[in-house]
Amino acid sequence: MQQEVLLHELQTNQSNDIYAVVGGYRVSVDYAQAVVHFYKGEQEWGKLADTLPVEKWSGDWLIRIIGRFFRIEYQLTDDKAIASVQRNGFLSVRTLHHIGRAVLYQRILVDRNWDYCISFRNEVGFGLSVDKAIAELRSKLKVRATQEQAEVTLSVGRSSHITEQQLADFCSTNGLIPGGRYTRQQLRQTILRQRKVNCEQFRSQLQYFDVRINCK
């Protein structure tokens, strides 16, 4: 007897004894034949409506197939904050809560929950539950905090992509000392004071020292 699972689980669980419900259809995956079946009805197995081939098992393959079946127009949002959450034009994004500076979102495929996302300090965490999304976000923020405290020496070597003169210009503009040691956090805070000029003139230097700021 087949068991109903969450839509996202249908993409990750390779059992033949499961199905998910979306948009009034029961959806099952035949891994042996590399196809996805769509049966009309949610409460019981109805007539087979269509069978679509799985061209690639990579990435969001199930989202792509369901998008094709329901003829969803693939559309990515122009909103920068939502775009960092949406990531797939077949998914829609719903804002659930604002918690201080954090925002909780739900990603939806047709009429079903796909997963949750929480955004905080330009970092995002995804999960099948809110708790899992928060756990992923915390893990990413912990890694970022460690990276922020790593020290960078403002110097160039033989294989550097910038010259001594480019380094001198960069340091002079930002009040930094060539050869000085700074944490990445200190560099970012200093560079952000003159974001415009750094984005316009010193992108190579920012890339070389791996200091990431929003230049859009």
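Residues numbered from 1 in each chain as written. Predicted model: local features only at pLDDT ≥ 70, side-chain atom pairs only at ≥ 80, totals over all residues. Heavy atoms only, no water.

## Some points on the packing of aromatic side chains
Tallying each qualifying case throughout the model produces 13 aromatic pairs. Geometrically, the ring pair formed by Tyr19 and Trp45 is edge-to-face, given 5.1 Å between the ring centres and 65 degrees between the ring planes. Residue Tyr19 is found in strand E2 (residues 18-22), and its partner Trp45 is found in the loop between strand E4 (35-40) and strand E5 (48-53); the two are separated by 26 residues along the sequence. Assessed through its relative accessible area of 36%, Trp45 is described here as partly exposed. Measuring from centroid to centroid gives 4.9 Å for Trp57 and Trp61, while their planes differ by 75 degrees, and the two rings are edge-to-face. Residue Trp61 is classed as buried on the basis of its relative accessible area, which comes to 4%. The rings of Tyr25, Phe38, Phe69 and Phe70 are connected pair by pair, giving a single aromatic cluster. Note that Arg26 overlies the ring of Trp45, its terminal NZ or CZ placed 4.9 Å from the centroid. (Phe/Tyr/Trp six-rings, centres within 6.5 Å; stacked < 30°, edge-to-face > 60°. Helix = DSSP H or I, 4+ residues; strand = E, 2+ residues; numbered from the N terminus. Buried < 20%, exposed > 50% of the residue type's maximum accessible area, 1.4 Å probe, protein only. Lys NZ or Arg CZ within 6 Å of the ring centre and 35° of its normal.)

## What about the nonpolar core?
Of all hydrophobic cores here, the largest spans 24 residues; its most connected members are Leu10, Val36, Phe38, Trp61 and Leu109. Among the secondary structure elements, those contributing two or more residues to this core are helix H1 (7-12), E2, strand E3 (25-30), E4 and helix H2 (61-69). A total of six residues in this core trace back to one element, the largest contributor, which is H2. Those residues in contact with Trp61 that lie beyond four places of it in its chain are Leu10, Gln11, Val29, Tyr31, Val36, Val54 and Lys56. If you look at the next biggest cluster of nonpolar residues, it comprises 17 residues, including Val152, Leu154, Cys171 and Leu206. (Core = buried A, V, L, I, M, F, W, Y, C linked by side-chain atoms within 4.5 Å. Contact = heavy atoms within 4.5 Å.)

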